[in-house]
Amino acid sequence: LVPRPQAMATPENYMIVETHIIPQGIILAVLAPFVFILNFPPLIWHFRNRNTAAICMVFWVMLMNFMTAINVIIWPYIDMRSMYDGQGLCDVEIKLLGARSPGLTAAVLCLLRALARVLNTEKNLLGPTKAQKRRNTAVEMGWCVVLPLFTMLLQWIVQFNRFALTGVSGCQPFITNDWTGWTLTALPLLLTNAVAVYYAGEYRLLFLLLNHH
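An account of the accompanying structure is given in this report.

What counts and how
Residues numbered from 1 in each chain as written. Predicted model: local features only at pLDDT ≥ 70, side-chain atom pairs only at ≥ 80, totals over all residues. Heavy atoms only, no water. Patch = residues over 30% accessible without salt bridge, like charges linked within 9 Å, V, L, I, M, F, W, Y side chains within 5 Å. Areas by Shrake-Rupley, 256 points an atom, 1.4 Å probe, with all protein chains shown as cover. Salt bridge = Lys/Arg side-chain N within 4 Å of Asp/Glu carboxyl O. Lys, Arg positive; Asp, Glu negative; His and termini not counted. Charge placed at Lys NZ, Arg CZ, Asp CG, Glu CD. Helix = DSSP H or I, 4+ residues; strand = E, 2+ residues; numbered from the N terminus. Expected span 1.5 Å × (residues − 1). Bend = angle between axes of the 7 residues up to and from the residue. Buried < 20%, exposed > 50% of the residue type's maximum accessible area, 1.4 Å probe, protein only. Contact = heavy atoms within 4.5 Å.

1. Some thoughts on a positive patch on the surface
And then number 1: Residues R117, K130, K133, R134 and R135 make up a contiguous surface patch of positive charge.
And then number 2: No other element matches the 4 residues that helix α5 (residues 130-157) contributes to the positive patch.
And then number 3: Relative to the helices and strands, K133 resides in helix α5.

This is how it looks when you write it as structure tokens:
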């Protein structure tokens, strides 16, 4: 049996949660760097083609794998009191973790939006103009960049403790366990999911109509 994790409060206003190393942690430490490296070619390709949403999606996947590899290397086992306390690194990581889910969902939203626009032949008879391309890039930047940054701000407002530090997983956000914390952190994710579902439905409808004709 694996002992239950033990939490320890610290004078610096962060939390350390001790836990045993797990096989999944070892697997992540080995595979995460490979996934990080394998994502470089698609990232370069999307940069060259200026695919904003795809760039953001690949960026978040690469960043999460990079952070996973770093955290497992720094905090690999149970005795964490004699190890690096995470100050500085965790302050940055928890903000990125808070923006991760809205950022990824926003990228999916924009990709579904692009697919729906491509299938909508009534609006794409002549192809997009330069002004339309600029507006589309601005919309995608708003979803994929501005929204995650806004989520970081909301997380700072509902942050109960500076951060939580766990073995293997490393830095984790620590928000207030009440309706305010859950609402403010879940609101951007619910918004992006709702719009993504709308574009998914539009894409599906257009796809069925094209196949029918």
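2. Brief notes about helix α4 (residues 89-119)
And then number 1: For α4, which comprises 31 residues, the first-to-last C-alpha distance of 44 Å matches the rise-based estimate of 45 Å (1.5 Å per residue) to within 8%.
And then number 2: Along α4, the helix axis deviates most sharply at R100, where the bend reaches about 35 degrees; the proline P102 sits within four residues downstream.

3. As for the side chain of T192
And then number 1: Tracing the sequence through the fold places T192 in helix α6 (residues 179-212).
And then number 2: The buried category is assigned to T192, whose relative accessible area is 0%.
And then number 3: Once you skip the residues sitting within four places of it in the chain, T192 turns out to touch P102, T105, A106, L109, W143 and L147.

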